[in-house]
Amino acid sequence: MNSKSARYLPLVVTVGQVVIFPYYIIWLKQVSLTFTLFAWFFAAFSFAAAWGYRTFQSKKNKERSYIFVVYAGMGMVYILIGCTTNSYESLPYIVLLLQVILGLLQGYFRAWHTEQETYHLHAVHHYLIVGFMMIGFSFLKIISPVVFLTIFGFLLLMCSLWEFIRREKWTLTKNV
C-alpha cells in the first residue's frame, strides 16, 4: 500500500454505508408503501449484491479494478435517491432499478475490499468508528433522510474523484 488514500478511502466508504443505512431504510419504507414491496426491494438488492460479489470474484485480473467507478456509481445512486420525490407513478420501478444498481455496486465493492491488504484492520476500525458515529447521530434532529443520503452521495463522488486522480498519478509515475 503506497498511498494513504488507498488505505483509508475503503474505510470511509464502508463506514459511510453502515452509518447511512438507517436513513436509507427510512427512505425506502416511505417510498415502498407496503411491507411486501419493501421486502421485494431488499430481495432485489440482495440478489444484485450477490451478483456483484460474484462478478468481482470471477475476474481474472483482480489487481486491475476500476473501484473509482464503483464509488462514483454508488454516489450517483445516493444523489438520485435524494432527488426523487414520492409523486411519480413509476417510482417503484425507479426504486427497483436503483436497488439493483446499488446492490451490484456494493457487492462488487465488498468483494474488492476483502482482497485488500488492510481489510482486517479496516474491520476493527469500522466497528469502532460506526459506533461513535451512531452515538453522535443520535444527538441530531433529523429533518429528512434524503439530506443524509445526498450528502453521502457527494462524499462518494469526492472519493471517486480522489481515487481516480491518485490512480492516474500512480500510472503516470509507473510509466516514466
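Please read all numbers here as calculations on a predicted model, not as lab measurements.

(A) Up close: a nonpolar patch on the surface. Taken together, the side chains of Val124, Leu128, Phe132, Ile135 and Phe139 make up a nonpolar region of the molecular surface, amounting to roughly 590 Å² of accessible area. As for its placement among the helices and strands, Val124 is situated in helix H5 (residues 119–137). Judged by relative accessible area, which is 49%, Val124 ranks as partly exposed.

(B) Fine view of the packing of helix H3 (residues 67–83) against helix H4 (residues 91–114). Running from N to C, H3 and H4 cross one another at 150 degrees; their axes reach a closest spacing of 10 Å. Viewed along their axes, H3 and H4 form a crossing whose handedness is left-handed. Contacts between H3 and H4 pair Ile67, Val70, Tyr71, Gly73, Met74, Val77, Tyr78, Leu80 and Ile81 from the former with Leu98, Ile101, Leu102, Leu105, Gln106, Tyr108, Phe109 and Trp112 from the latter. Of the residues in the contact of H3 with H4, the class split is 15 nonpolar, two polar and no charged.

(C) Representation of the packing of aromatic side chains within the structure. Following the criterion strictly, the structure yields 14 aromatic pairs and no others. An angle of 85 degrees between the planes, with centres 5.2 Å apart, marks the rings of Phe56 and Tyr108 as edge-to-face. Taken together, the residues span a long stretch of sequence, with Phe56 in helix H2 (residues 35–57) and Tyr108 in helix H4 at a distance of 52 residues. Look at Tyr78 and Phe152: their rings are 5.1 Å apart centre to centre, the planes differ by 70 degrees, and that puts the pair in the edge-to-face class. Within this pair, whereas Tyr78 is found in helix H3, its partner Phe152 is found in helix H6 (residues 145–175), the two being separated by 74 residues in sequence. Classification of Phe152 as buried rests on a relative accessible area of 5%. Grouped by ring-pair contacts, the aromatic residues Phe21, Tyr24, Trp27, Phe35, Phe38, Phe42, Phe45, Tyr78 and Phe152 constitute a single cluster. The side chain of Lys29 reaches across the aromatic face of Phe38, ending 5.7 Å from its centre.

(D) Molecular detail of the pattern of salt bridges. Counting across every chain of the model gives one salt bridge. With its nearest N and O atoms 2.5 Å apart, the salt bridge here joins Glu163 to Arg166. Residue Glu163 and its partner Arg166 are located together in helix H6, separated by three residues, close to a single helical turn. Of the two residues, Glu163 and Arg166, neither departs from the other in class, the shared state being buried.

(E) Just the nonpolar core, in detail. Judged by nonpolar contacts, the single largest core of 40 residues is most densely connected at Leu28, Tyr71, Met74 and Tyr78. For this core, the secondary structure elements donating two or more residues are helix H1 (4–32), H2, H3, H4, H5 and H6. When sequence neighbours within four positions are dropped, the list of residues in contact with Tyr78 reads Ile20, Tyr24, Leu102, Gln106, Leu149, Thr150, Phe152, Gly153 and Leu156.

(F) View of the side chain of Thr14. By the element assignment, Thr14 lies in helix H1. If near-sequence neighbours (up to four positions away) are discounted, Thr14 is found in contact with Phe109, Arg110, His113 and His126.

Thresholds, definitions, all that
- Residues numbered from 1 in each chain as written.
- Predicted model: local features only at pLDDT ≥ 70, side-chain atom pairs only at ≥ 80, totals over all residues.
- Heavy atoms only, no water.
- Patch = residues over 30% accessible without salt bridge, like charges linked within 9 Å, V, L, I, M, F, W, Y side chains within 5 Å.
- Areas by Shrake-Rupley, 256 points an atom, 1.4 Å probe, with all protein chains shown as cover.
- Salt bridge = Lys/Arg side-chain N within 4 Å of Asp/Glu carboxyl O.
- Helix = DSSP H or I, 4+ residues; strand = E, 2+ residues; numbered from the N terminus.
- Buried < 20%, exposed > 50% of the residue type's maximum accessible area, 1.4 Å probe, protein only.
- Axes fitted to C-alpha atoms, helices over the stretch in contact; angles between N-to-C directions.
- Left-handed = near helix turned anticlockwise from the far one by under 90°.
- Contact = heavy atoms within 4.5 Å.
- Nonpolar A, V, L, I, M, F, W, Y, C, P; charged D, E, K, R; others polar.
- Phe/Tyr/Trp six-rings, centres within 6.5 Å; stacked < 30°, edge-to-face > 60°.
- Lys NZ or Arg CZ within 6 Å of the ring centre and 35° of its normal.
- Core = buried A, V, L, I, M, F, W, Y, C linked by side-chain atoms within 4.5 Å.

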